[in-house]
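Commentary on secondary and tertiary structure
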Amino acid sequence: MKIAVIGTGYVGITTAASLGELGHQVIGVDIDREKISKLSKGILPIYEPGVEELIQEQLRDKTLFFTTDISEAVKESEIIFIAVGTPSLPNGQPNMTYVEDVAKELGKSIGEYKIVVNKSTVPVGTADRVKELIISEIRQRKLQVAVDVISNPEFLQEGKALQDARKPDRIVIGSDSEVAKEKMCKLYEKVDAPLFITTPRNAEMIKYASNAFLATKISYINEIAKLCDLLRVDVTDVAKGMGLDKRIGPHFLQAGVGYGGSCFPKDVAALYSMGKNAKMEMSILRQVQEVNNSQPEWLLEQMSNKLKGFHGKRVALLGLAFKPDTDDIREAPSLKLIPLLLQAGAFVIAYDPIVHSKIKDRFPDIILAKTAYQAIKNTDAILLCTEWKEFLYLDWLKVKEEMKGQHVFDARNVLPQKELESYGFLYWGVGRNSSAN
Ligand code: UDX
């Protein structure tokens, strides 16, 4: 099938690559000329394992093209995906300007029946709104053209987007049109996953409700972790024991420094404000956000207690990305930890395998190390903030020799506690019965 994907951000690029992998002809569209010129050469603005290779292969095979010309892409495609950003406004509501601008542009170009698919995470009712905008532009051109606007939310996790696209838990299609439903089923026929077909409004809610539920699980386990910390209980064992119950499941019960990224913080805020608009206070979501926002401060308080204050202390911050295998620092916990550490008088020596200049531009007062070993040299404490694989396999004997202090703060509960303690480190994990307590 011939597909256009509008927006070449994280969602757009991974959507284009995975649809191409299914054998479809894809045109990626963006208004950013420089981005399109780079993408046309196979240079990606994001880091996502496997995607660059796939894009380069599809460019070579000429099954994928990039353009800034939306009307050309519309003319060539049967299905048009909208995959532009919906960033949070200060009031928590998503900024719908980009989606609406694309809808208007589509209305200026569509001359025959098209299926428009919303991939962007959008409030309930957006499919109807997008359709209205498209039809109104078409009418201004004195044309009568049928358009179906449907919802097909993405559930890709950064760092393993391709894996998720190849074998998703489900594909949700929200459509009121039989023709569009059939086409979408055909589009995904090679994907081994259950298709859940529903209305556009239901599909839009499924996306928000899913992300907010996962965020709730994280805040819940983080709150349990705080109590574990006080009661000398190990939250990692608690989570394992809980997760064995099939009704609970083992996923998203990893206590840590809180959730970040481009989705959870934004989507929880958006759902909360959707409730407010409907005159309903979603008190659970308010708490989920509060627990998450307070997690970095709570963590630094624990550190400060163990280190007897931060003044003049050298802290190695390992990991800056909001999670491993991505260069994304949007809402990353590191962005909250760095200013708090600096304010408290610590020297911060940070290291991340991929994130470099964008963090230094933001925090000129930190030192950016080239390796993890360089970062930990002569430091009083290590704070592991992102669980990159390379941190899990550090040579801890060497680390011990290079460090000045003994404290290792594991904000992701991923380090081998017993091993570290046997080397003489004072280990602290989030809600673990730690030697440093
Ligand atoms: C999320 C959803 O998982 C995905 O379905 C949706 O399409 C986009 O949003 P993503 O933001 O890529 O994906 O990351 P995810 O792996 O879900 O993690 C989000 C945040 O939660 C990260 O900061 C992660 O470190 C944190 N997290 C996750 C925890 O703190 N504990 C956990 O148990 C799981």
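Worth saying up front: this structure is predicted, and the values here are computed from it rather than measured. (Residues numbered from 1 in each chain as written. Predicted model: local features only at pLDDT ≥ 70, side-chain atom pairs only at ≥ 80, totals over all residues. Heavy atoms only, no water.)

On to the nonpolar core. With 61 residues, the main nonpolar core has Leu299, Met303, Leu317, Ile359, Ile382, Leu383 and Trp396 as its most contacted residues. Top element by residues in this core is helix α12 (residues 283-307). It accounts for five residues. For Ile359, the contacting residues outside a window of four places in its chain are Leu320, Ile329, Ser334, Leu335, Ile338, Ile366 and Leu368. Leu54, Ile79, Phe81 and Ile150 belong to the second-largest nonpolar core, a separate cluster that totals 37 residues. (Core = buried A, V, L, I, M, F, W, Y, C linked by side-chain atoms within 4.5 Å. Buried < 20%, exposed > 50% of the residue type's maximum accessible area, 1.4 Å probe, protein only. Helix = DSSP H or I, 4+ residues; strand = E, 2+ residues; numbered from the N terminus. Contact = heavy atoms within 4.5 Å.)

What follows covers the site of the ligand. Taken together, 18 residues are adjacent to the ligand, and Phe155, Glu158, Gln254, Gly260 and Lys323 come closest. Interatomic distance of 2.6 Å between a backbone N/O atom of Glu158 and an oxygen atom of the ligand. Compared with its free state, where it exposes 660 Å², the ligand has 92% of that area covered by protein. Sorting elements by how many residues they give to the shell around the ligand places helix α9 (residues 200-231) first, with three residues. Along the lines of polarity and charge, the residues of the shell around the ligand split into nine nonpolar, four polar and five charged. There are two domains that each give the shell around the ligand at least three residues, and those are domain 1 (2-198) and domain 2 (212-429). (Near = heavy atom within 4 Å. Polar contact = N/O pair within 3.5 Å; in protein donor to acceptor, adjacent residues only side chain to side chain. Areas by Shrake-Rupley, 256 points an atom, 1.4 Å probe, with all protein chains shown as cover. Nonpolar A, V, L, I, M, F, W, Y, C, P; charged D, E, K, R; others polar. Domains from an automatic or database assignment.)

Let's shift gears to the environment of Ala83. Following the sequence through the fold, Ala83 ends up in the loop between β4 (79-82) and α5 (97-109). Taking the C-alpha atoms as reference, Ala83 lies 44 Å from Trp396; in sequence the two are 313 residues apart. Among all residues touching Ala83, those that are not within four sequence positions of it are Val5, Ile6, Gly7, Val11, Gly12, Lys119 and Ser120.

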